[in-house]
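# Structural description and commentary
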Amino acid sequence: MEDNSQQQDTSTVKPPVTSVGAIGWVRTNLFNGPFNSLLTLGVLYLLWISVPPFVRWAFVDSVWMTDYMACRNIDGACWSVIPANLRFIIFGFYPHDLQWRPLLAMIILVVMLFYSQDRKRWKKSLLYLWGVALVIMGLLMKGGVPGLTPVESSQWGGLPLTLLLSVFGLASAYPVGIILALGRQSKMPVIKSLCVVYIELIRGVPLISLLFMSSVVFPLFLPEGVTVNAILRAQVAIIMFTAAYIAEVVRGGLQGMNKGQYEAADALGLNYFQTMRLIILPQALKIVIPPSVSILISAFKDTSLVVIIALYDLLKTTQSTLSDPKWMGFSAEAYIFVALIYFVCCFFMSNYSRRLEQELNTDL
Amino acid sequence: MNENTQTANIEVEQNSDIIQITDMHKWYGDFHVLKNITLQVKKQERIVICGPSGSGKSTLIRCINRLEEHQKGKIVVDGIELTNDLKNIEKIRAEVGMVFQHFNLFPHLTILDNLTLGPIWVRKTPRAEAEDTAMYYLEKVRIAEQAKKYPGQLSGGQQQRVAIARSLCMKPNVMLFDEPTSALDPEMVKEVLDVMISLANDGMTMIVVSHEMGFARSVAHRVLFMDYGEIVEGNTPQAFFDNPQHDRTKLFLSQILD
Ligand SMILES: Nc1ncnc2c1ncn2[C@@H]1O[C@H](COP(=O)(O)OP(=O)(O)O)[C@@H](O)[C@H]1O
Ligand SMILES: [Mg+2]
């Protein structure tokens with residue numbers, strides 16, 4: 001390679017032949033130096049021994065739409081476990097012939113999420129639209145109006161429950177976290193210490209213990225006969241937990257703000273709330289999009305911890321399916337399916353955040 | 001040392017004081033940063049403050065719109081005394097425009113939005129009217145074609161002119177400038193000074209912290225010299241530059257006019 005480039009006329013503008021084309025790419029990226037060549041060969045070997053067997057298991061020797069008997073004598077994957085149990089995995093114990101209702105609610109949710117992506121639509125009217133959508137989704141899930149049979153929330157489960165806990169958990173945790181972060185910066189000692197204590201306390205315990213407390217300890221303090229819905233309690237625990245982490249991330253963004261921005265806002269006569277809302281938060285929150293999204297993604301996955309307080313979220317319905325003797329032993333297939341669902345959601349979040357970051361980038 | 005500032009001989013249209021600072025002191029912790037400041041500024045008067053770095057020039061003008069709090073003495077702006085009353089502070093800040101050394105434009109907003117923000121949220125001006133005003137002042141600082149851009153896309157001189165226009169949109173009675181040209185590349189200083197000169201010609205009351213002595217000579221009614229937190233002397237530009245009274249002033253002028 002060196003020989004080649006030395007022979008080149010210095011006035012030429014084309015790169016040396018060896019660095020273009022597929023061979024050039026392979027050379028510069030995979031085999032530049034003995035160490036990299038060794039690494040490349042090692043990785044190739046690992047791929048060679050792992051990928052073909054997986055492909056054979058997942059696609060060649062597998063069955064897709066059979067009953068459980070057909071799965072007994074094959075070497076490959078029994079994907080049939082998914083279509084055969086799909087409705088239970090997705091909807092849990094929601095009454096079988098009413099499952100179109102959570103399905104419709106989820107479709108509305110997804111449509112709303114996609115519709116809200118576009119920043120040009122972020123107006124007051126979008127908030128009203130969400131209000132209407134929420135009421136419709138609530139009615140669909142719960143029923144109780146003429147034409148819709150009531151369904152107890154204890155029968156809710158599967159994917160709708162996971163989406164409910166995470167979408168509303170995260171959507172409420174974010175503003176709460178912002179308020180906590182602002183409180184922690186407050187000049188008023190009482191507010192400041194309250195926020196510090198809250199944040200440190202919550203961050204000092206695992207989510208599981210908060211969920212336990214919400215389901216075991218919290219009801220002890222309620223008067224006789226009063227119960228708070230289990231989903232609501234889990235939801236509150238998730239919000240409280242996530243908000244504390246969001247608060248610390250947002251605080252980092254606030255500290256990264258230039259003092260001059262506060263001064264310019266003050267000099268115009270803007271009051272505290274206007275300064276925060278119009279000047280500081282839009283910039284600080286933009287800075288912390290990447291760490292916020294990390295927290296939101298991990299909070300989304302953490303909603304699966306609600307299994308320990310006996311809520312049938314997506315993961316729990318999958319587990320239950322696998323405890324059916326007919327389908328026992330096909331857990332790999334079922335968990336891969338659930339992992340895919342989680343992955344699609346998380347990928348959507350991180351993808352969207354990256355786009356948002358680009359759109360909000362004004363210092364070109 | 002304050003006699004000079006009080007007896008300054010200037011011609012202004014009205015002789016009412018728009019800013020009155022009496023026996024004002026300020027400390028940062030134990031550090032006595034402003035000592036016994038007494039200063040009257042008349043309507044339409046233009047004052048240039050100079051002095052060595054760290055002498056308290058910025059602190060003084062920042063006390064006038066309460067970006068800094070003074071601990072002793074009295075500051076009255078436009079008939080309102082500066083106390084801890086938040087309503088008064090916000091009222092005064094809306095009346096007093098400020099231009100910073102580092103521009104401090106809002107980078108997430110377009111130039112136009114930078115200009116309309118104050119009028120819309122503080123003055124409650126309808127958006128259309130605020131935008132008309134904004135375009136008027138952008139024309140005035142000769143930068144109207146950049147209205148839809150973001151601050152990060154403009155040069156330093158352009159940004160500072162936008163910052164001046166942003167203050168003007170609030171229709172202030174007084175403009176404070178804290179070293180408006182000292183963060184600029186040399187070739188951009190003039191475009192900003194030109195805007196300030198045209199502002200002076202329109203009769204704006206201005207307090208300018210600056211070491212641009214040419215500007216001080218041609219525009220100021222009075223030049224003040226500060227050192228160690230005190231106003232050492234103040235006089236008409238002519239007298240100040242040609243016949244400085246104090247040794248400290250002479251030393252400073254000899255250094256800066258090199
Ligand atoms: N927030 C602050 N806390 C403590 N000391 C400060 C602060 N701001 C300024 N000072 C000090 O006060 C003095 C005057 O500062 P400043 O008014 O900025 O001077 P100038 O603008 O004349 O250069 C300097 O010695 C500076 O270090
Ligand atoms: Mg200064």
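Keep in mind the model is a prediction, meaning the values are calculated, not measured. (Residues numbered from 1 in each chain as written. Chains lettered and ligands numbered in written order. Predicted model: local features only at pLDDT ≥ 70, side-chain atom pairs only at ≥ 80, totals over all residues. Heavy atoms only, no water.)

### Here we look at the layout of surface pockets
By volume, the second largest pocket amounts to about 1,500 Å³. Taken together, 32 residues line the second largest pocket, and the ones lying closest to its centre are A:K187, A:Y262, A:D266, A:Y272 and A:M276. Looking at the lining of the second largest pocket, the elements that each hand over two or more residues are α7 (158-184), α11 (259-268) and α12 (272-287) of chain A together with α3 (86-95) of chain B. Ranked by residue count, the leading element in the lining of the second largest pocket is α12(A), at six residues. (1 Å grid on protein atoms, 1.4 Å probe; cavity = no way out; pocket = protein on both sides within 12 Å on 5 of 7 lines; lining within 4 Å. Points joined across faces, edges and corners; volume = space filled by probe spheres on them. Helix = DSSP H or I, 4+ residues; strand = E, 2+ residues; numbered from the N terminus.)

### A few points about the UniProt feature "transmembrane region" (unreviewed entry) in chain A
The positions that UniProt labels "transmembrane region" (unreviewed entry) are, in the present scheme, residues 35-55, 100-115, 127-149, 161-183, 195-218, 230-250, 287-312 and 332-350 of chain A. Annotated as residues 287-312 of chain A, this span is 58% helix and 0% strand, and its ends, taken at the C-alpha atoms, are 37 Å apart. (UniProt positions renumbered as here; feature names shortened; annotations may be inferred.)

### Points about the sheet that holds strand β5 (residues 80-81) of chain B
All names here are of chain B. Strand order in the open sheet formed by four strands is β2-β1-β4-β5, with antiparallel pairing between adjacent strands. Edge positions in the sheet fall to β2 (31-42) and β5, since each has one partner strand and no second. Alignment of strand β4 (residues 72-77) against β5, held across two bridges, turns out to be antiparallel. When the sheet's bridge partners are listed, V76 is paired in β5 with E81. Each of β1 (17-28), β2 and β4 touches helix α2 (residues 57-64); the most contacted strand, β1, lies at about 125° to it. (Pairing = 2+ DSSP bridges. Contact = heavy atoms within 4.5 Å. Axes fitted to C-alpha atoms, helices over the stretch in contact; angles between N-to-C directions.)

### Here's the deal with the environment of B:D30
Residue and element names in this part refer to chain B. If you trace the backbone, D30 turns up in the loop between β1 and β2. Classification of D30 by relative accessible area gives exposed; the value is 79%. Considered as a pair, D30 and Q159 are 129 residues apart in the sequence and their alpha carbons are 37 Å apart. (Buried < 20%, exposed > 50% of the residue type's maximum accessible area, 1.4 Å probe, protein only.)

### Observations concerning empty space enclosed by the protein
In this approach the atoms are scanned with a rolling probe the size of a water molecule, which exposes any empty space left behind. Following the criterion strictly, the structure yields two cavities of 30 Å³ or more and no others. Taken as a whole, the largest cavity encloses approximately 80 Å³ of empty space. The wall of the largest cavity is formed by A:A264, A:A267, A:L268, B:R93, B:A94, B:V96, B:G97, B:M98, B:R166, B:S167, B:M170 and B:P172. Listing elements by their share of the lining of the largest cavity, those giving two or more residues are α11 of chain A together with α3, β6 (96-99) and α6 (156-168) of chain B. Partitioned by chemical class, the residues of the lining of the largest cavity number eight nonpolar, two polar and two charged. Contributing to the lining of the second largest cavity are B:K140, B:V141, B:I164, B:L168, B:V195, B:S198 and B:L199. The residue makeup of the lining of the second largest cavity, split by class, is five nonpolar, one polar and one charged. (Nonpolar A, V, L, I, M, F, W, Y, C, P; charged D, E, K, R; others polar.)

### Overview of the pattern of salt bridges
Inspection of every chain in the model, using the stated rule, returns 23 salt bridges over all chains. Linking B:R93 and A:D266 is a salt bridge whose minimum nitrogen-to-oxygen distance equals 3.9 Å. Residue B:R93 is located in helix α3, and its partner A:D266 is located in helix α11; the two belong to separate chains. Residue classification places A:D266 among the partly exposed residues on the basis of a relative accessible area of 24%. Among the charged side chains, a network of salt bridges with common partners joins A:R184, A:E200, A:R203, A:E248 and A:R251. (Salt bridge = Lys/Arg side-chain N within 4 Å of Asp/Glu carboxyl O.)

### As for the site of ligand 1
All names here are of chain B. Taken together, Y28, F31, V33, P52, S53, G54, S55, G56, K57, S58 and T59 form the complete shell of residues around ligand 1. Contact between ligand 1 and K57: an oxygen atom at 2.8 Å from a side-chain N or O atom of the residue. Notes on ligand 1: free accessible area 560 Å², of which the protein chains cover 59%. The set of elements that each furnish at least two residues to the shell around ligand 1 consists of β2 and α2. For the shell around ligand 1, the element with the most residues is α2, which contributes three residues. Of the residues that constitute the shell around ligand 1, the class distribution is four nonpolar, six polar and one charged. (Near = heavy atom within 4 Å. Polar contact = N/O pair within 3.5 Å; in protein donor to acceptor, adjacent residues only side chain to side chain. Areas by Shrake-Rupley, 256 points an atom, 1.4 Å probe, with all protein chains shown as cover.)

### A few points about the nonpolar core
Counting residues in hydrophobic clusters, the biggest one holds 115 residues, and the most contacted among them are B:I19, B:I21 and B:I49. One finds B:A147, B:V192, B:V195 and B:F215 within the second-largest nonpolar core, a separate group that totals 48 residues. (Core = buried A, V, L, I, M, F, W, Y, C linked by side-chain atoms within 4.5 Å.)

### Describing the UniProt feature "domain: ABC transmembrane type-1" (unreviewed entry) in chain A
Mapped onto this numbering, the UniProt entry annotates "domain: ABC transmembrane type-1" (unreviewed entry) at residues 159-349 of chain A. In residues 159-349 of chain A, helix accounts for 76% and strand for 0%; the two terminal C-alpha atoms are 17 Å from one another.

### Concerning the packing of aromatic side chains
Each aromatic ring pair is summarised here by two numbers: the centre-to-centre distance and the angle between the ring planes. On inspection of all chains with the given rule, the structure shows 16 aromatic pairs over all chains. Relative to A:F93, the ring of A:F88 lies with its centre 5.1 Å away and its plane at 75°, an arrangement referred to as edge-to-face. Judged by relative accessible area, which is 44%, A:F93 ranks as partly exposed. On the basis of an interplanar angle of 90° and a centroid distance of 5.3 Å, the ring pair of B:F240 and B:F241 is categorised as edge-to-face. For the pair B:F240 and B:F241, a shared accessibility class is recorded, and that class is buried. Among the aromatic residues, ring-to-ring pairing joins A:F54, A:W57, A:W64 and A:W79 into one connected group. (Phe/Tyr/Trp six-rings, centres within 6.5 Å; stacked < 30°, edge-to-face > 60°.)

### Description of helix α10 (residues 230-255) of chain A
In this model, α10(A) (26 residues) spans 38 Å end to end at C-alpha, consistent with the 38 Å of a helix rising 1.5 Å per residue. Its side-chain oxygen 2.6 Å from the backbone nitrogen of A:I231, A:N229 forms the N-cap of α10(A). (Expected span 1.5 Å × (residues − 1).)

### Considering the interface of chain B and chain A
With 24 residues of chain B in contact, the opposing surface of chain A contributes 20 residues. Carbon and sulfur atoms make up 63% of the surface buried where chain B meets chain A, a total of about 2,000 Å² over both sides. For chain B, the biggest contributors to the area lost against chain A are B:F106, B:H108 and B:W121; these three give 28% of the whole. The interface formed by chain B and chain A includes six residue pairs in polar contact (both at pLDDT 80 or more). Among the secondary structure elements, those contributing two or more residues to the side of chain B that touches chain A are α3, β6 and α4 (111-121) of chain B. For the side of chain B that touches chain A, the per-class residue count stands at 13 nonpolar, six polar and five charged. (Buried area = accessible area lost by both parts, 1.4 Å probe.)

### Some words on the sheet that holds strand β10 (residues 230-235) of chain B
Adjacent strands of a sheet pair through backbone hydrogen bonds, lying either parallel or antiparallel. Residue and element names in this part refer to chain B. Spatial strand order, β6-β7-β8-β3-β9-β10: six strands in an open sheet with mixed pairing. A strand with exactly one partner marks an edge of an open sheet, and here the two such strands are β6 and β10. The average undirected angle you get between the axes of adjacent strands in this sheet is 20°. Inspection of the sheet shows strand β9 (residues 222-227) paired to β10 by five bridges, in the antiparallel sense. Paired with D227 across the strands is E230, a residue of β10. Here α6 sits on the sheet and contacts β6 and β7 (174-178); the angle it forms with β6, its principal contact strand, is near 170°.

### Quick notes on the packing of helix α4 (residues 81-91) of chain A against α7(A)
Residues and elements named next belong to chain A. Taken N-terminus to C-terminus, the directions of α4 and α7 make an angle of 30°; their axes are 3 Å apart at the nearest point. Considering the angle they form, α4 stands roughly parallel to α7. Between α4 and α7, the residues in contact are I89, I90 and F91 and G158, L159 and P160, respectively. In terms of residue class, the contact of α4 with α7 is made up of five nonpolar, one polar and no charged. (Parallel < 35°, antiparallel > 145°, perpendicular 65-115°, else oblique.)

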